[in-house]
Every structure is written in C-alpha cells, then in structure tokens.
Amino acid sequence: MNRSFVAELRSLLDPAGYLDGQDAASYLEDPRHAYVWADAAVVRPTTVAQVAAVVDTCARHGVKVVPQGGNTGLSGGTVVGPDHESIVLSTARLDRIESIDPDGATMTVQAGVTIEAIQTAAAEHGLQFAPDWGARGTATIGGGISTNAGGNNVLRYGPMRSHVLGLEVVLADGTVWDGLRSLRKDVSGYDLKQLFIGAEGTLGVVTRAVLSLVPATPHTQSAFAAIDGLGRLRDLTQLVRRLTGSELTAYELVPDIGVELVCRHYSVARPIAIRAEYYVLLKLASTRPVQEDLLTVLDQAATQGLILDAVVAESAAHNDALWFIRDELPPERYDAHQKHAIKLDTVVPVDKIGEFIQLVQEVTDELTPGAVCYGFGHVGDGNIHMRVLPVADSAVDHFVANRSLLRRRIDEATWSLRGSLSAEHGIGIELIDRIGPQKPEIEWELMRAIKRALDPNDLMNPGKVVPMTGVPPHQ
C-alpha cells in the first residue's frame, strides 16, 4: 500500500486506530473460518469526523473501503478481495449510546454499540429493543442495519428496518448525510434511510442511528414441544397463531440432531424426555401473565395430535436454558466437516416450510447419499437455516465433488416455492454468484443505478450485494 496514503491515514487516527499485520488478523477472518481476507490494513475511527476523513482519503487515493461492524456476519459481507487495494473500516470504537428518550421511545446510538448493550439500556427505562439473535453480545447495530438483520423476534416486531427511524451515513466521497430524525411519520420525499438498510455497506458507512423502542413485556413464558412430524407443522402453526395473536413473539424450529449436539457439547440436560425428529420452541410475551394462554395452546395441540409432549419453562433460569439451546444450534463448532457444508439462509412462505425441508432432503439423498440435512430457525416468518454436510470421512470427497450441483438444485427448489436465498444474513460474497436468477433483470438494474449514483467509482464494499454485470433471465 502506498506509503504516503498510509501516512495520511495514520495522521487521522490515534495509535490504536490503525492496525496491520498480525494486529489486524482478527478482523480479517469470518466467524465460520470460511473466509480469510486478503492482507489489508484495518482502521478503527472513534468519531464520525474521523470516518469521513478516512473515506475522503480513500476516495482521493482510489482505495476501496470495506465497512465492518462486529464481524459476526455469515455471508462474507466484509471480505476484502485480492484484486484491489482496500482497507477494512471497523466501526467497533464508535460505541456510545448518545441519548434515550423514554417519552418518545427512541434511542440514538453510534454504529459500534452492541445489540445487547442497546437492549440493556432500553430495559432500564421499561422499554425494549426488539431485534435479537444469538450473537447479540458481539453484533453491532451498524452491522445489523447494514444487513437488515432479523433474528428471533421478527414474527412479532419485524426486521431491523422496522426499528430504524433515522440514520447518519458517510457517503462514498466522505460527505456526511445527517438523517438522524426521530419522526414516526414523514412523507416529505424519498425515504433515503431505507436505501442504506440492507445495503451491506455498498452505499456508505452507517455511523449513527435513531432507533425505535417498544414497551417492555415483563410477562414472558416459553415452551418446548416435540412435534409429530413436519407434516403437522403447518396445522400447528395455524393453531398457535390463532390462539396467541400478538402475544406470540418467537416461534422456532429445533432439530433433534441439534439438541443432541448442544447438550453433549455443553454437558446440559435434554429439555424434554421424548425424542422426535423436530421440536418447536415458542415464546409468548405480554404486559399481563401469559401462562394460561400458553397452556391452552399446548392442550389443544396435544388434543389434535399435533405435538407429542411439551415442557413449559417454570422459571427464568429454565427459560434461559431452553433459549440457550436455540442460540447454540448453529453447528459450526460441532463438526469437523463444517468447512465443506452448504449453508442456507432461506426464507419460504410459512406454509411451505415442511415442503422445503423435504425437497432439500430428497435432493441431498439423490446427489450425496449419507449427507446430513440440519435445519433450524424461525418458523413464524418462514426463515429456515439449513446446513447440508457430510458426516463420515469417507463421504467427504463425493460430497465436495457434487456440492456445486447440490447447491444449484437446492436454489432452484427455493425459487420453485417463491422463496429467497437470503432472509437475514445478507448476500455478501456467499450468494453474489447465485442470487441473480432470483430477481428479474430490471430489478438488478435499478439497484445498479442506485449504486452508480451514490458510489460511481465502486469504492464502497465492492463485489457485494448487487451482481454488477448482467444476470441470467428470471425463470
């Protein structure tokens, strides 16, 4: 990297604000160890002015900028390509909660504040920040906004874009756009903040946000139920929705193989005695007690033969134990062959979940016999995370040889059900070569036009989100 450019960057930051070599290594690998970045410098500004100055400097020198939040992403959204000079711009040190307005139920935060810190601060005022997922202690709000993250509570509260009232963004030329408004109604033109939510840093660097909070729901109760096969999942879902209404906050699918792995790895007790291929974990939350409503749901589900058995959380510790299993379901740490796995972040219509899982199993059995389909996730909004991977050493070579075809067939099955390859993890580089057929070409061209307008020199997180050349016609 040009010495004068490096010297200029260093002059903008304190000594801890510029990292390279081994000091930068932890920023240059994703949490699955699936991607190791090309060698790159990492800058860690502490103010919005520093972010703007860094981006301006990069623009003048033609150096690409790859924004990074908590580095918890699972789609390679902050991978640095080897074919151009780039820096990683970490927002981790922009970590202040600037203000909380309990009356207006809003909070203004810098991009590097963690989701857990926001949730904790909101709770001190009898409020809650609804987005939630397992990496809450590390994931930052800037990264969550940039991927339009979802998580466990989307069913009731919606994804990240439903909780952002205003944004501040450093644009590709270093200009700062101040859109930090707390208005809940505003029809004075285009809603520009929505362009940056889900853009994965390809249009600018999110530096601050005004967040919408919701009333706390102090009465919360969860249940873990064994279901009588995926064929009953659709009827169970309809029953749960009908009986619980807005109290249903989270509704998760849990595979037995995942329960076994988590319990063995962490030496914790199985949550339920009966064994079934799949379970559901549901949570009701309200300003009033919900136990009676939850028991009614379980009683009717059992009467109709939709569930085999269930346990209800009897204490806060029991509730946390059930959700610990859910949080730890992603199988990356449990299996030696995870590096070969196909990772899916699929969303299909809710009533097609069972059909989708069955299609994946059939394609897997056809092309890679003996591979395991490991599916879990958010039943309530149709977002099922699946891994397909070999489990025996002897099956690895055959699986790897057929992995591309298997992935393509699964993608086609997803589209046949009117689903999407990316529900909440983003496109990154994981999906950039596969996502094209999902949308008509006019839709991609509209996105390219926006990219060209805001970042004409393709400096911001290049090679992500939008295929920059023509894609195959939509099928």
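Check the entry above for the structure.
Structure report, in brief. Residue numbers here run from 1 along each chain, matching the order of that chain's written sequence. Note on the predicted model: pLDDT of at least 70 is required for a residue's local features to be given, and 80 or more for side-chain atom pairs to be given and counted; whole-chain, interface and lining totals, by contrast, use all residues. To get the side-chain values, all heavy atoms of the structure are used, and hydrogens and water are removed first.

## A short note on the overall build of the protein chain
- A tally of regular secondary structure across the protein chain gives 13 helices and 18 strands.
- For the protein chain, the C-alpha radius of gyration of 23 Å lies close to 23 Å, the compact-globule estimate for 475 residues.
- In terms of overall dimensions, the protein chain has C-alpha extents of about 70 × 60 × 45 Å along its principal axes.
- Summary of the burial criterion: residues with accessible area below 20% of their type's maximum are buried, those above 50% are exposed, and those between are partly exposed, where the area comes from a 1.4 Å probe applied to protein chains only. The buried share of the protein chain, taken over its 475 residues, is 55%.
- Two residues form a contact once any of their heavy atoms are found within 4.5 Å. For the protein chain, the proportion of contacts with a sequence separation of at least 24, taken over those separated by at least 6, is 72%.
- Residues scored as positive are Lys and Arg, those scored as negative are Asp and Glu, and His as well as the terminal groups of each chain are ignored. By convention, the point assigned to a charge is CZ for Arg, NZ for Lys, CD for Glu and CG for Asp. Once the 42 positive and 59 negative side-chain charges of the protein chain are each reduced to a mean point, those two points are 3 Å apart. Helix and strand definitions here come from DSSP, where helices need a minimum of 4 consecutive H or I residues and strands a minimum of 2 consecutive E residues; each element is numbered from the N-terminal end. To get the radius of gyration, use the C-alpha atoms; to get the globule rule, take the number of residues to the power 0.38 and multiply by 2.2 Å.

## Section: the side chain of Thr-78
- Mapped onto the secondary structure, Thr-78 falls in the loop between strand S3 (64-68) and strand S4 (86-90).
- The buried category is assigned to Thr-78, whose relative accessible area is 15%.
- What Thr-78 contacts, discounting residues up to four positions off in sequence, is Trp-37, Val-66, Pro-67, Gln-68 and Asn-71.

## A closer look at a nonpolar patch on the surface
- Judged by side-chain polarity, Tyr-190, Leu-192, Leu-195 and Ile-450 come together as a nonpolar surface patch covering roughly 410 Å² of accessible area.
- Take Leu-195: it is sitting in helix H6 (residues 193-196).
- You can call Leu-195 partly exposed: its relative accessible area is 32%. In this analysis, a patch consists of residues with relative accessible area above 30% that form no salt bridge, clustered at 9 Å for like charges and at 5 Å for the nonpolar side chains Val, Leu, Ile, Met, Phe, Trp and Tyr. Every accessible area reported is derived by Shrake-Rupley at a probe size of 1.4 Å, with residue values counting cover from the shown protein chains alone. Any Lys or Arg side-chain nitrogen found within 4 Å of a carboxyl oxygen on Asp or Glu counts as a salt bridge.

## Re the environment of Glu-355
- Note that Glu-355 resides in helix H11 (residues 353-367).
- A residue is classified by how much of its surface remains accessible, and Glu-355, at 40% relative accessible area, is partly exposed.
- Considered as a pair, Glu-355 and Asp-365 are 10 residues apart in the sequence and their alpha carbons are 15 Å apart.

## Describing the packing of aromatic side chains
- Pairing of aromatic side chains requires ring centres within 6.5 Å, counting the rings of Phe and Tyr and the six-membered ring of Trp. Pairs whose planes differ by under 30 degrees are stacked, by over 60 edge-to-face, and all others tilted. Applying the stated criterion across every chain yields a total of 4 aromatic pairs.
- Measuring from centroid to centroid gives 5.8 Å for Tyr-374 and Phe-376, while their planes differ by 85°, and the two rings are edge-to-face. Neither Tyr-374 nor Phe-376 differs from the other in exposure class; each is buried.
- One residue, Lys-439, lies across the ring of Trp-444, its end atom 5.9 Å from the ring centre. Geometrically, a charge over a ring is one whose NZ (Lys) or CZ (Arg) sits within 6 Å of the ring centre while staying within 35 degrees of the ring normal.

## Quick notes on helix H1 (residues 3-12)
- Along H1, the residues that are buried comprise Phe-5, Val-6 and Leu-9. Buried residues along H1 cover an arc of 95° about the axis, so they all sit on one side. Among the exposed residues of H1, those pointing more than 90 degrees away from its buried face are Arg-3 and Ser-11.
- Elements that come into contact with the buried residues of H1 comprise strand S1 (18-19), strand S2 (41-43), helix H2 (48-61) and S4. By arc we mean the arc of the directions from the helix axis to the C-beta atoms, nothing more.

## Brief notes about the side chain of Asp-411
- Within the secondary structure, Asp-411 sits in helix H12 (residues 396-416).
- When sequence neighbours within four positions are dropped, the list of residues in contact with Asp-411 reads Leu-421 and Arg-434.

## Topic: the sheet that holds S2
- Two strands pair if DSSP finds at least two bridges between them. Here we have 4 strands laid out as an open sheet, ordered S1-S2-S4-S3, and mixed in their pairing. Either end of the sheet is taken by a strand with one partner, and the two such strands are S1 and S3.
- Examined bridge by bridge, S1 and S2 share 2 bridges and lie antiparallel to one another. Each residue of the ladder has a partner; that of Tyr-18, found in S2, is Val-43.

## Structural notes on unusual backbone geometry
- Positioned with a positive phi, Asn-71 is a non-glycine residue whose angle comes to about 55°.
- Here Asn-71 lies in the loop between S3 and S4.
- For Asp-458, which is not glycine, the phi torsion reads 50° and is therefore positive.
- Looking at the secondary structure, you find Asp-458 in the segment after helix H13 (441-454).

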